[in-house]
Amino acid sequence: MKITAAVSRSNQDAPSLETLELEAPRPGEMLVRIVAVGICHTDLHEHPGRHAPHPIVLGHEGAGVVEALGEGVRGFAVGDHVVLSGSSCGACPSCIAGRPTYCDLAMPMSFGGKRLDGSVALSCGDEKIHSHFFGQSSFASHAIVPERTAVKVDKDIPLDKLAPLGCGVITGAGAIIEALKVRAGHTVAILGTGGVGLSAVMAAKLVGAKRIVAVDINRQRLELAKELGATDIIAADTDNVAQQIRDITGRGVDFSFNSTTVAAVHSIALDCLAMNGTAGFVSAPRGEWTPQMFAMLAGGKQLRGILGGDANPRTFLPMLIDYWRQGRFPFDRLIETYRFEDIGKAFHDCEAGTVIKPVLKLGETA
Ligand SMILES: [Zn+2]
Ligand SMILES: [Zn+2]
């Protein structure tokens, strides 16, 4: 079928809309009409072609409606509303243990730009266009999606609200609840208050953390962090941020959560910890960075990489939606919507930091 998709090609500063051919779903796959799709920093990083091959259709926070089922799909019906999350094989030890973000095949399935057999779902005349980015390539009117990538959601919630759940929100909230296991009485510092960091702030409030210290250079976002649950805010461009965090609790925090790529912030994330604390991170520092190993040893500190919030989308996303219904997890406050044809502006605003979570709307939201 003919579809409209935003294609990333070399030498273009943002994806641009093209008419492509999308093949029918193969066994185990579904055709999903995309209704809304969030933009995440991974899309910005991959647009120039960092890990994923070109030309490609990016997009990995899709939400839409199932339009057709490939052979063997059991858990879905045509008309179901779905949120799309990561892709995983379903057969490796991590998948069997219910930890699909650590699937043995996570990298080729997320960034390979094709199915594991090497085929792609998209073409433009004779030219192959890479697909299956995070199992979805959802900057498009329609996507071919492996069954395991989709999570069924209730039909009464507009899909443009739900789109960011699949990556940005699950990454921040899962890191706090599933990976670090922050609980009532714990103290936590959230370094970076974009969509991921603010999702972490809301999750830390949800679980009853005693102190939630938010750190960023953007004052507006710090104010929003306070509204969403931060007990303390610190401007990142002030002196000795780690000591300021330590002073709030008198001994440092039990956990830090860092969603930035700034090397100096990775140092703060370790320096602000109390004895036996854990520093969780979701992006690698830009450039060279060496942790202070002796301080880690002497403090019994851990440095912990976290992918997709450690969370299983099939169980974790319905839980977050339920908390949202109760008014206890207002993640939709992070969203600003754009028309699909304005994807270039949305990319630019995301990069410039003038919007927290841009969501592209492609059609009727219900
Ligand atoms: Zn993402
Ligand atoms: Zn697997």
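Bear in mind that the values here come from a model prediction, so they are computed numbers and not experimental data. (Residues numbered from 1 in each chain as written. Chains lettered and ligands numbered in written order. Predicted model: local features only at pLDDT ≥ 70, side-chain atom pairs only at ≥ 80, totals over all residues. Heavy atoms only, no water.)

Peer 1: Just checking my understanding: could you explain empty space enclosed by the protein for this structure?
Peer 2: The method is simple in principle: a probe with the dimensions of a water molecule rolls over the atoms, and the space it marks as empty is what remains. Per the counting criterion, the structure on display carries two cavities of 30 Å³ or more. When its volume is computed, the largest cavity comes out at roughly 50 Å³. Lining the largest cavity are 14 residues; nearest its centre among them are L22, L122, Q136, S137 and A143. When residues of the lining of the largest cavity are traced back to their parent elements, those giving at least two are β1 (2-7) and β8 (142-146). By residue class, the composition of the lining of the largest cavity is nine nonpolar, five polar and no charged. By volume, the second largest cavity amounts to about 40 Å³. Lining the second largest cavity we find P164, G168, V169, G195, V196, F331, L334, I335 and K357. If you list the elements that add at least two residues to the lining of the second largest cavity, you get α5 (168-179) and α6 (195-206). When grouped by side-chain class, the residues that make up the lining of the second largest cavity number six nonpolar, two polar and one charged. (1 Å grid on protein atoms, 1.4 Å probe; cavity = no way out; pocket = protein on both sides within 12 Å on 5 of 7 lines; lining within 4 Å. Points joined across faces, edges and corners; volume = space filled by probe spheres on them. Helix = DSSP H or I, 4+ residues; strand = E, 2+ residues; numbered from the N terminus. Nonpolar A, V, L, I, M, F, W, Y, C, P; charged D, E, K, R; others polar.)

Peer 1: Teacher, can you tell me more about the sheet that holds β1 here?
Peer 2: Adjacent strands of a sheet form backbone hydrogen bonds with each other and so pair up, either parallel or antiparallel. The strand order across the open sheet formed by four strands is β1-β2-β6-β7, and the pairing between neighbours is antiparallel. With partners counted over all chains shown, the strands left at the sheet margins are β1 and β7 (127-129), one partner each. Averaged over all adjacent pairs, the angle separating strand axes in this sheet is 50°, with direction ignored. With two bridges connecting them, strand β2 (residues 16-22) and strand β6 (residues 122-124) associate as antiparallel partners. When the bridges of β6 are listed, E21 appears paired with S123. (Pairing = 2+ DSSP bridges. Axes fitted to C-alpha atoms, helices over the stretch in contact; angles between N-to-C directions.)

Peer 1: Hey, could you run me through the nonpolar core in this one?
Peer 2: One recurring pattern in soluble globular proteins is that nonpolar side chains are buried together. Ranked by internal contacts, the top residues of the largest apolar core, which has 55 residues, are L162, L165, I176 and F329. Mapped onto the domain boundaries, this core takes at least three residues apiece from domain 1 (2-166 + 330-361) and domain 2 (172-307). Sequence-distant contacts of I176, that is, excluding residues within four places in its chain, are made with K181, V182, V188, I190, A200, A203, A204, V207 and F257. L20, L84, F111 and F340 belong to the second-largest nonpolar core, a separate cluster that totals 43 residues. (Core = buried A, V, L, I, M, F, W, Y, C linked by side-chain atoms within 4.5 Å. Buried < 20%, exposed > 50% of the residue type's maximum accessible area, 1.4 Å probe, protein only. Domains from an automatic or database assignment. Contact = heavy atoms within 4.5 Å.)

Peer 1: Explain the domain arrangement of the protein chain to me, please; I cannot follow it from the model alone.
Peer 2: Interface size is commonly expressed as the accessible area that is lost once the parts come together. Entries for the protein chain in the domain assignment read domain 1 (2-166 + 330-361) and domain 2 (172-307). Computed from C-alpha coordinates alone, the two centres of domain 1 and domain 2 are separated by 29 Å. Taken together, the nine residues of domain 1 in the interface contact 14 residues of domain 2. Around 950 Å² of area is buried between domain 1 and domain 2 when both sides are counted, 60% of it from carbon and sulfur atoms. Summed over the three residues of domain 1 that lose the most area to domain 2, namely R333, L334 and I356, the buried surface amounts to 51% of that side. One salt bridge in this structure joins E227 and R333, with 2.5 Å as the shortest N-O distance. Taken together, the connections running from domain 1 to domain 2 amount to five residue pairs in polar contact (both at pLDDT 80 or more). (Buried area = accessible area lost by both parts, 1.4 Å probe. Salt bridge = Lys/Arg side-chain N within 4 Å of Asp/Glu carboxyl O. Polar contact = N/O pair within 3.5 Å; in protein donor to acceptor, adjacent residues only side chain to side chain.)

Peer 1: For this particular structure, what's the right way to read the coordination of the zinc ion (ligand 2)?
Peer 2: Ideal values for angles at a metal depend on the geometry: 109.5 degrees with four tetrahedral donors, 90 or 180 degrees with six octahedral donors. Each protein donor to the zinc ion (ligand 2) is listed here as C89 (SG), C92 (SG), C95 (SG) and C103 (SG); together their distances run 2.3 to 2.4 Å. Angles of 103 to 118° at the metal separate the four donor atoms of the zinc ion (ligand 2), which places the site in the tetrahedral class. Donor residues for the zinc ion (ligand 2) sit on one chain with the sequence pattern C-x2-C-x2-C-x7-C. You can see C89 sitting in the loop between β5 (81-84) and α2 (93-96) and its partner C103 sitting in the loop between α2 and α3 (106-111), a full 14 residues away along the chain. What makes C89 partly exposed here is its relative accessible area of 26%. (Donors = N, O, S within 2.8 Å, 3.2 Å for Na, K, Ca; no water. Tetrahedral: all angles 85-135°; square planar, octahedral: opposite > 155°, others 65-115°.)

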